[in-house]
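Residues per chain are reported as follows:
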Amino acid sequence: MRERMHKIKASHGDKIMGEVTVNMALGGMRGLKSMLWETSLLDSENGIRFRGYTIPELQKKLPTAKPNGEPLPEGILWLLLTGELPSKAQVDSLSAELSSRAELPEHVLRVLDALPAKAHPMTQFTCAIMAMQTESKFAAAYLSGMHKSEYWDPVFEDTLDCVAKLPATAAAIYRRSFKDGKIISPDPALDWAGNFAHMMGYGDEGTKELMRLYMTIHSDHEGGNVSAHATHLVGSALSDPFCSLAAGMNGLAGPLHGLANQEVLKWLNIVENELGDDLSSEKISELVHSTLNSGRVIPGYGHAVLRKTDPRYTCQREFAMKHLPDYPKFKLVSKLYEIVPTILSETGKVRNPWPNVDAHSGVLLQYYGITEENFYTVMFGVSRALGVLSQLTLSRAIGLAIERPKSITSEWLEEKFGKV
């Protein structure tokens, strides 16, 4: 990788990838090509590609826990880190490796116990991740002195340690916030995601399969989203993976990022409450028009990059058709899928009228009894760690520089382009 990056820089370092507009500077740098992110790329037509593979391809190629089941997230972790599809034996070995690292330091649980049980689960999650920082191998190696070409090695070790411990961390938060507070020990026979469901208190195979799917499809979404970019930015200062991930998770906690699936559920509940049993196309259309006319959006629809149905929505829909075809909320989601894109297209204001991943994920979780909406972002964060920490390892391996864009002022803009 280092040799390849050196050749790219030497041959193409001065070439221009695009232009920067004032709108980009004022609009959150949207669409500005300005960072390297190896693990995934968002394609407007095919959706997210993980190391070049689409979600449908990975559903066929990644090893599963059971025949014709959902991919094991350990497989996507292997792929993101190495760029190669793993065998079942390799995935099993990675499962065993993560299991061997999964035990939480006692002080992490004490930190959680020091917080009120009513503290938001994401607050608890980021505090717990920071508490784990005391175990950072990179922080210790950097203090003892090491060559920068070797930084990636302890970062990789921290990545495996952190990923291994996140399910137990999140499950402990779930148990203390919403259940009886009793910690459930991991099952050494289970995989990483299956154990997450088990430690939360869900032993049925359906929840385990959903967790495998959920953890796989939420694992990465290229580098420009807030959680990925925040992790990358903090990591570029050579902060260790625990500090970097905590920064990313604080970004994920924002309502414009990780809380979107909660907004979808709130709106679905509004639809059910207002329409009751009359979920006819006519009544739903009227409610959709009413929502739009009031200046609100339809949660779960539209995407900044995609111009078709999000493949992550599609694979969740297929899962629902297979496991819960008669669930009322799934029937409502399906009905909306038939109606909303047409109405949004007719407005002429929406570039992408199709559903994204958030339009479906909450419904699946609700079906299996995980009804605590405040916890959904924590689950999202456990998954997203797979991608952002894999990239952090790769960033240290190829020696990416500290991130330092140039900022400008409104006065500078007026001086350059003229006052208006």
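Numbering of residues starts from 1 in every chain and runs along the sequence as written. Where totals are concerned, whole chains, interfaces and linings use all residues; where local detail is concerned, this predicted model gives features only for residues with pLDDT of at least 70, and gives and counts side-chain atom pairs only at 80 or more. Calculated side-chain values reflect all of the structure's heavy atoms, with hydrogen atoms and water omitted.

1. Section: the domain arrangement of the protein
Phase 1 of the analysis: Domains assigned within the protein are domain 1 (47-257 + 371-398) and domain 2 (262-368).
Phase 2 of the analysis: Where each domain begins and ends is defined by an automated method or by a domain database. Put simply, the middle of domain 1 and the middle of domain 2, counted by C-alpha atoms, are 28 Å apart.
Phase 3 of the analysis: Throughout, a residue-residue contact means that at least one pair of heavy atoms, one from each residue, lies within 4.5 Å. Listed per partner, the contact involves 23 residues of domain 1 and 20 residues of domain 2.
Phase 4 of the analysis: A 1.4 Å probe defines the accessible area here, and the buried area is the portion of it lost by two parts on being joined, summed over both. Roughly 2000 Å² is buried in total at the junction of domain 1 and domain 2, and carbon and sulfur atoms are behind 63% of that figure.

2. Notes on the environment of proline 116
Phase 1 of the analysis: Comment: elements are numbered from the N terminus, with helices defined as DSSP H or I runs of at least four residues and strands as E runs of at least two. Checked against the element boundaries, proline 116 lands in the loop between helix H6 (106-114) and helix H7 (121-132).
Phase 2 of the analysis: Spatially, the C-alpha atoms of proline 116 and arginine 176 are 9.6 Å apart, while their sequence positions differ by 60 residues.

3. Concerning the UniProt feature "active site" (unreviewed entry) in the protein
Phase 1 of the analysis: When the UniProt feature table is mapped to this numbering, "active site" (unreviewed entry) covers His257, His303 and Asp358. The named residues occupy 102 residues along the chain; their greatest pairwise C-alpha distance, 12.0 Å, places them in one compact cluster.
Phase 2 of the analysis: Structurally, the position occupied by histidine 303 is in the loop between helix H15 (281-293) and helix H16 (311-323).
Phase 3 of the analysis: When residues no more than four places from it in sequence are discounted, the contact partners of histidine 303 are Leu42, His221, Asp310, Arg312, Asn352 and Asn356.
Phase 4 of the analysis: Within the secondary structure layout, aspartate 358 lies in helix H18 (residues 358-367).
Phase 5 of the analysis: Here the term buried applies to any residue with accessible area under 20% of the maximum for its type, exposed to any over 50%, and partly exposed to those in between, with areas from a 1.4 Å probe on protein chains only. Under the relative-accessibility criterion, aspartate 358 is labelled buried at 13%.
Phase 6 of the analysis: Leave out the neighbours within four places in its chain, and aspartate 358 touches Ala260, Asn261 and Val264. UniProt positions are given in the numbering used here, feature names are shortened, and annotations may be inferred rather than shown by experiment.

4. Some details on a nonpolar patch on the surface
Phase 1 of the analysis: A cluster of nonpolar side chains, Val22, Leu26, Ile408, Trp412 and Phe417, forms an exposed patch at the surface whose accessible area comes to about 500 Å².
Phase 2 of the analysis: Breaking the nonpolar patch down by element, the ones donating at least two residues are helix H2 (22-26) and helix H20 (410-417).
Phase 3 of the analysis: In this structure, tryptophan 412 sits in helix H20. Patch membership requires over 30% relative accessible area and the absence of a salt bridge. Like charges are linked within 9 Å, and nonpolar side chains (Val, Leu, Ile, Met, Phe, Trp, Tyr) within 5 Å. Exposure was quantified through the Shrake-Rupley algorithm and a 1.4 Å probe, taking into account, for residues, occlusion by the shown protein chains and nothing else. For this analysis, a salt bridge means a side-chain nitrogen from Lys or Arg found within 4 Å of a carboxyl oxygen belonging to Asp or Glu.

5. A closer look at a negative patch on the surface
Phase 1 of the analysis: We score Asp and Glu as negative and Lys and Arg as positive, and we do not count His or the chain ends. By convention, charge coordinates are those of NZ in Lys, CZ in Arg, CG in Asp, or CD in Glu. A cluster of like negative charges, contributed by Asp277, Asp278, Glu282 and Glu286, occupies part of the molecular surface.
Phase 2 of the analysis: Owing to a relative accessible area of 43%, glutamate 286 belongs among the partly exposed residues under this scheme.

6. Here we look at the packing of helix H12 (residues 226-236) against helix H19 (residues 376-397)
Phase 1 of the analysis: In this analysis, axes come from line fits to C-alpha atoms, helices being fitted only over the stretch in contact, and the angle between any two N-to-C directions falls in the range 0 to 180 degrees. Across the interface, H12 lies against H19 with an axial gap of 10 Å and an inter-helix angle of 30°. Relative to H19, the element H12 lies roughly parallel. Along this stretch, H12 crosses H19, giving a crossing that reads as right-handed. For the pair formed by H12 and H19, the contact residues are Ser227, Ala228, Thr231, His232, Gly235 and Ser236 on the first element and Arg384, Val388, Leu392, Ser395 and Arg396 on the second. Any angle from 65 to 115 degrees is called roughly perpendicular, while one under 35 is roughly parallel, one over 145 is roughly antiparallel, and all others are oblique. Take the far helix as the reference: if the near one is turned anticlockwise from it by less than a right angle, the crossing is left-handed, and if turned clockwise, right-handed.

7. Considering the packing of aromatic side chains
Phase 1 of the analysis: Classification of ring pairs rests on two measures: the distance between centres of Phe, Tyr or Trp rings, Trp counted by its six-membered ring, which must be within 6.5 Å, and the angle between planes, read as stacked under 30 degrees, edge-to-face over 60 and tilted in between. In total, this model carries 12 aromatic pairs according to the counting rule given.
Phase 2 of the analysis: Through successive ring pairs, a cluster of aromatic residues spans Tyr174, Phe178, Tyr202 and Phe375.

8. Brief notes about unusual backbone geometry
Phase 1 of the analysis: The phi angle at asparagine 68 is positive, at roughly 60°, despite the residue not being glycine.
Phase 2 of the analysis: Looking at where asparagine 68 falls in the secondary structure, it is placed in the loop between helix H3 (55-61) and helix H4 (73-82).
Phase 3 of the analysis: One non-glycine residue with positive phi stands out, namely glutamate 222, at about 50°.
Phase 4 of the analysis: Locating glutamate 222 in the fold gives a position in the loop between helix H11 (205-217) and H12.

9. Things to note about the environment of alanine 139
Phase 1 of the analysis: Locating alanine 139 in the fold gives a position in helix H8 (residues 137-144).
Phase 2 of the analysis: Using a relative accessible area of 23% as the deciding quantity, one classes alanine 139 as partly exposed.
Phase 3 of the analysis: Spatially, the C-alpha atoms of alanine 139 and aspartate 240 are 6.0 Å apart, while their sequence positions differ by 101 residues.
Phase 4 of the analysis: Among residues more than four places away in sequence, those in contact with alanine 139 are Gln133 and Asp240.

10. Quick word on the nonpolar core
Phase 1 of the analysis: Formed by 100 residues in total, the largest nonpolar core has its most connected members in Phe125, Phe196 and Met379.
Phase 2 of the analysis: Ranked by the residues each element gives to this core, the list is headed by helix H9 (residues 152-178), at 12 residues.
Phase 3 of the analysis: Here this core gathers at least three residues from each of two domains, domain 1 (47-257 + 371-398) and domain 2 (262-368).
Phase 4 of the analysis: Look past the residues within four positions of methionine 379 in its chain and what remains in contact with it is Phe196, Met211, Tyr214, Met215, Leu365 and Ile370. Residues grouped as a nonpolar core are buried Ala, Val, Leu, Ile, Met, Phe, Trp, Tyr and Cys residues, joined through side-chain atoms within 4.5 Å.

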